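If you want the building blocks of each chain, they are given just below.
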Amino acid sequence: MVRHTTRNSREPSLSQLQRPLFRRPSQASIDGLCSPRLPARYLHAGLKMNPKTCHKTQRIIRDLALRHIDFSIPYLQQSPSQIDFFKREALLDAELSHLMAYQDGWAVEVFLRIAYQRPKTMRDFQTMFSELQITEVLTFLPLHWKLCFESI
């Protein structure tokens, strides 16, 4: 019995599309990509990523990390569940959807470890970010209260 389909046999199947394109390299390779002495062009090449995309991804992950990771705790002492939560958050971000091509989200770990190369700077950013949020709340609340009382 011959089975006829309208699908082109050259098109990839659904299971082929869901498979990660970039398998997880050895831990030594990941450590090498996270090295502070690694030139940026090697990071792009190691991740097989366009330089502009790599820079934009690095900035987005840094901003996400400022909201989700406590930089007062060294990377190796962070709880694995916290790192896994951060990886899930990053992979769910629409702007970072290209990172789904990396098996187990290993590229997110690379970018996070790169952010950890300057922990004091990141802690300062976190402090400034939290102070900015407090200032925004304090300036918004009196205006909000005034609008509420005017409507009465």
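**Q** I'd like a description of the pattern of salt bridges, backed by residues and values.
**A** Following the criterion strictly, the structure yields 4 salt bridges and no others. Glu109 is the partner of Arg24 in a salt bridge, and the nearest nitrogen-oxygen pair spans 3.3 Å. On the criterion of sequence distance, the pair formed by Arg24 in the loop between α1 (14-18) and α2 (27-33) and Glu109 in helix α6 (residues 106-115) is long-range, its members being 85 residues apart. Exposure remark for Arg24: the relative accessible area of 29% places this residue in the partly exposed category. A salt bridge links Asp63 to Arg62; the shortest N-O distance between them is 3.1 Å. Given a relative accessible area of 26%, Arg62 falls into the partly exposed group. The network of salt bridges with common partners includes Arg24, Lys87 and Glu109.

**Q** Requested: an account of the packing of helix α5 (residues 80-92) against α6, with residues and values cited.
**A** Look at α5 against α6: their axes get within 10 Å of each other, and the N-to-C directions meet at 110°. Regarding the angle of α5 to α6, the classification is roughly perpendicular. Considering the relative orientation of α5 and α6, their crossing is right-handed. Where α5 abuts α6, its residues Ile83, Phe86, Lys87, Ala90 and Leu91 lie against Val108, Glu109 and Leu112.

**Q** Quick one: what's the story with the environment of Phe71, residue by residue and with numbers?
**A** Along the chain, the position of Phe71 falls in the loop between α4 (51-68) and α5. Along the chain, Phe71 and Pro119 lie 48 residues apart, while their C-alpha atoms are 5.9 Å from each other. Those residues in contact with Phe71 that lie beyond four places of it in its chain are Ala65, Leu66, Ala115, Tyr116, Pro119, Met122, Arg123 and Gln126.

**Q** Could you give an account of the packing of aromatic side chains, with specific residues and numbers?
**A** Going through the model one piece at a time under the given rule, you end up with 4 aromatic pairs. Each ring, one from Phe71 and one from Tyr116, has its centre 4.7 Å from the other, and the planes form 40°; the classification is tilted. Here Phe71 is found in the loop between α4 and α5, whereas its partner Tyr116 is found in the loop between α6 and α7 (119-150), with 45 residues between them in sequence. Their ring planes at 70° and their centres at 5.4 Å tell us that Tyr75 and Tyr116 sit as a pair that is edge-to-face. Here the residue Tyr75 occupies a position in the loop between α4 and α5, and Tyr116 occupies one in the loop between α6 and α7, the gap between them amounting to 41 residues. Judged by its relative accessible area of 17%, Tyr75 is buried.

Criteria and cut-off values
Position numbers for residues count from 1 along each chain, tracking the sequence in the order it is written. Local features in a predicted model are, by the rule used here, given only for residues with pLDDT of at least 70; side-chain atom pairs are given and counted only at 80 or more, and totals for whole chains, interfaces and linings are based on all residues. No hydrogens and no water enter the side-chain calculation; it runs on all heavy atoms of the structure. Salt bridge, as applied in this entry: a Lys or Arg side-chain nitrogen positioned within 4 Å of an Asp or Glu carboxyl oxygen. Numbering of helices and strands runs from the N terminus, with a helix taken as a DSSP run of H or I at least four residues long and a strand as a DSSP run of E at least two residues long. When accessible area is computed with a 1.4 Å probe and restricted to protein chains, residues below 20% of their type maximum are described as buried, those above 50% as exposed, and intermediate ones as partly exposed. Axis angles are defined between N-to-C directions and span 0 to 180 degrees, where every axis is a line fitted to C-alpha atoms and, for a helix, only to the segment in contact. Oblique is the label for any angle not under 35 degrees, not over 145, and not in the 65 to 115 range, which are roughly parallel, roughly antiparallel and roughly perpendicular in turn. Left-handed describes a crossing whose near helix is turned anticlockwise from the far helix through less than a right angle; right-handed describes the clockwise counterpart. We call two residues in contact whenever any of their non-hydrogen atoms come within 4.5 Å of each other. Pairs were defined over the aromatic rings of Phe, Tyr and Trp, the Trp ring being its six-membered one, requiring ring centres within 6.5 Å. Orientation was assigned from the angle between planes: stacked under 30 degrees, edge-to-face over 60, tilted for the rest.

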